[in-house]
Each structure stands twice: as structure tokens, then as C-alpha cells.
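Descriptive structure summary
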Amino acid sequence: MEAKMERFFESVGNFFSGGDHIPWCDRGLIAGIERELADAANDEQRNSSLMRLSWALVHSKQTDDVNRGISMLQASLDNSGSPLETKEKMYLLAVGLYRIGDYSKSRQLADRCLEIQPDWRQAMSLKKAIEDKIAKDGVIGIGIATAAVGLLVGGIAALARKK
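Residues numbered from 1 in each chain as written. Predicted model: local features only at pLDDT ≥ 70, side-chain atom pairs only at ≥ 80, totals over all residues. Heavy atoms only, no water.

To keep it simple, the criterion reads: UniProt positions are given in the numbering used here, feature names are shortened, and annotations may be inferred rather than shown by experiment.
If you look the protein up in an unreviewed UniProt entry, it shows as Mitochondrial fission 1 protein from Miscanthus lutarioriparius. Reading the Function (unreviewed entry) entry of the UniProt record for the protein gives the comment "Component of the peroxisomal and mitochondrial division machineries. Plays a role in promoting the fission of mitochondria and peroxisomes." In the Sequence similarities (unreviewed entry) part of its UniProt record, the protein is described as follows: "Belongs to the FIS1 family."

Put into C-alpha cells, the structure is as follows:
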């Protein structure tokens, strides 16, 4: 019984906190990767640093960083050197779009990643997080609408009693 209660409270907590398992990145790591990018000696090091920087930016808690990461990925998506790199960039772009709340585009990109590699756990996890967030937002929207209707009906009933 206690385990069931614990799972219930955990699910309620996840509902209100977001509950996704996508990692966050801090500014210190971003700054370190930016220095590494500036010191890159050749194209291979530069490209590797750019991918790490893109990862760090879309996983940042700062919206400006996430938007910068999205812009970098969108600009570089057509110049990917391999299908694997394209898939990775699409996934990172999906993460960034998820972070800024563009769930529709994020889900489309996660689906494209899963078309390329159907058993990719990260893409499956991201897609589930997106769908959970969409469902949560829908439930909250319904709750707000129901409360508004209840207040309206209550107000009308109170006015009717006064007359």
C-alpha cells in the first residue's frame, strides 16, 4: 500500500514539475565549450566542438541559449556530413524546440528521428515527454475552462438571487 501511495505522489509531482528526464546544462559548461571552439586547430575539432556546443545550448535553462542552439542547428542541418550527424542534429533541434514550448515541431522532428532509427531510446523518451507535456497542458486548459465556467455560473446564480 505504501509503495502505491509513493508512486501516486511521485506521479502527481511529475505532473506539476514536468517530469521529463532530459538533462540540463549550465553556463560554465557552455563557456568551456565556447573556449574549446575558439581554440580548435582544424575543421574536425571545430565541427566536434560545434556539435557539443549545440548540445549544451539546447539543454540550457536559459531561453536565450536554447534559441541560439536552435539557430545554430537549423543553419547547419543542411550541411551535415553523414546521415548519423543529420539524425543527431534533428534530435537536438527537437530538444531545443521542446524546451521553448514548440511541441508540434518538436514531435515532428522526434518522429523523423524514429523513422531513421525506430529503436532510438533518446528519441522515444523525448517523444514521450512531448506527448506527456501536450496532455498535461490539455488537462490544465480544461481545468481552467471548467473553473471559469463555474465562476460564471456562480456569478449569474448570485445575481439572480439578489433580484
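1. Thoughts on the nonpolar core
Short version of the rule: Take the buried residues of types Ala, Val, Leu, Ile, Met, Phe, Trp, Tyr and Cys, join any two whose side-chain atoms come within 4.5 Å, and each joined set is a nonpolar core. Between buried and exposed lies partly exposed: a residue is buried under 20% and exposed over 50% of the maximum accessible area for its type, with that area taken using a 1.4 Å probe on protein chains only. The way it works is that DSSP assigns letters per residue, a run of H or I at least four long becomes a helix, a run of E at least two long becomes a strand, and they are numbered from the N terminus. Any two residues whose heavy atoms approach within 4.5 Å at even a single point are treated as in contact.
In this structure, Tyr 91, Leu 93, Tyr 98 and Leu 126 are the most contacted members of the largest nonpolar core, which totals 24 residues. Elements supplying a minimum of two residues to this core: α4 (63–76), α5 (83–99), α6 (103–116) and α7 (121–162). Among the elements that line this core, the one with the most residues is α5, at 8 residues. Residues contacting Tyr 91, with those up to four places away along its chain left out, are Cys 113, Trp 120, Gln 122, Ala 123 and Leu 126. Of all hydrophobic cores here, the second largest spans 6 residues; its members include Cys 25, Ile 30, Ile 33 and Leu 53.

2. So, the confidence of the model for the protein
Our working rule: As a per-residue measure, pLDDT tells how confident the predictor is, with possible values from 0 to 100.
Counting all residues, the mean pLDDT for the protein is 82, and 75% of those residues have values of 70 or more. At the level of individual helices and strands, the protein shows its lowest average pLDDT in helix α1 (residues 2–17), which scores 46, and its highest in α4, which scores 96. Within the model, the stretch residues 8–18 combines pLDDT values under 50 with 6 contacts to residues more than four positions away or in other chains.

3. As for α4
For an α-helix, 3.6 residues make a turn, and residues three or four places apart therefore share a direction. The cut-off we apply is this: Multiply 1.5 Å by the residue count of a helix minus one, and that product is the helix's expected span. The reported arc concerns the directions from the helix axis to the C-beta atoms and nothing else.
Over its 14 residues, α4 extends 20 Å from the first C-alpha to the last, a length consistent with the 20 Å expected when each residue adds 1.5 Å. Listing the buried residues of α4 in full gives Asp 65, Val 66, Gly 69, Ile 70, Leu 73 and Ser 76. Taken down its axis, α4 places every buried residue within 140° of arc, on the same side. Opposite its buried face, α4 presents the exposed residues Asp 64 and Ala 75, each directed more than 90 degrees away. Lining the buried residues of α4 we find α2 (27–38), α3 (43–58) and α5.

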